[in-house]
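# Descriptive structure summary
Letter by letter, the chains look like this.
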Amino acid sequence: MKVGIFYELQLPRPWRERSEYQLLQDALAQIELADGLGYDHARLVEHHFLEEYSHCSAPEVFQNEDIVRLTPEELKAKMAAKEAR
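The rules behind these values
Residues numbered from 1 in each chain as written. Predicted model: local features only at pLDDT ≥ 70, side-chain atom pairs only at ≥ 80, totals over all residues. Heavy atoms only, no water. Helix = DSSP H or I, 4+ residues; strand = E, 2+ residues; numbered from the N terminus. Buried < 20%, exposed > 50% of the residue type's maximum accessible area, 1.4 Å probe, protein only. Contact = heavy atoms within 4.5 Å. Areas by Shrake-Rupley, 256 points an atom, 1.4 Å probe, with all protein chains shown as cover. Core = buried A, V, L, I, M, F, W, Y, C linked by side-chain atoms within 4.5 Å. Phe/Tyr/Trp six-rings, centres within 6.5 Å; stacked < 30°, edge-to-face > 60°. Lys NZ or Arg CZ within 6 Å of the ring centre and 35° of its normal.

## Focus: the overall build of the protein
Across its full length, the protein carries 2 helices and 2 strands. When the elements of the protein are put in sequence order from the N terminus, they spell out β-α-β-α. Across the 85 residues that make up the protein, the buried fraction comes to 29%. A sequence separation of at least 24 residues applies to 62% of the contacts in the protein between residues at least 6 apart. Just so you have it, the protein exposes about 6,000 Å², and 52% of that area is on carbon and sulfur atoms.

This is how it looks when you write it as structure tokens:
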């Protein structure tokens, strides 16, 4: 059996200047922890225009069964490359 984690990245109001950034950093830290615990994958949903419900409109950055095996630096580089497009 494979075990993974699933995210919707919910962020209720009120938002602060770096709330969304912190939300993503927390998710990355949890994914890193899951990797260390032996989880097989991390998944995120894709929602658009749902301000408080989901702050993830590009889950392909995470949706890959090998993503949990990336180092945090590799994962951050992959996210930065996606943002640069």
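From this point, the discussion proceeds with the structure in view.
## Regarding the nonpolar core
With 12 residues, the main nonpolar core is built from Ile5, Tyr7, Leu9, Leu11, Leu23, Leu24, Ala27, Ile31, Ala34, Ala42, Leu44 and Cys56. For this core, the elements supplying multiple residues, two or more each, are strand 1 (4-7), helix 1 (19-36) and strand 2 (41-44). In terms of residue count, helix 1 provides more of this core than any other element does, 5 residues in total. Discounting residues that sit within four places of it in the chain, Cys56 has contacts with Leu9, Leu44, Val45, Glu46 and His47.

## A few points about the environment of Ser54
Among the secondary structure elements, Ser54 is positioned in the loop between strand 2 and helix 2 (72-84). Ser54 sits in the buried class, given a relative accessible area of 6%. Excluding residues within four positions of it along the chain, Ser54 makes contact with Glu8, Leu9, Val45 and His47.

## Section: the packing of aromatic side chains
Taken as a whole, this structure holds 0 aromatic pairs when the rule is applied. The ring of Trp15 carries Arg13 above its face, with NZ or CZ at 4.2 Å from the centroid. A cation sits over an aromatic face here: Arg18 above Tyr21, 4.3 Å from the ring centre.

Read these as layout, nothing more, since geometry by itself doesn't imply function.
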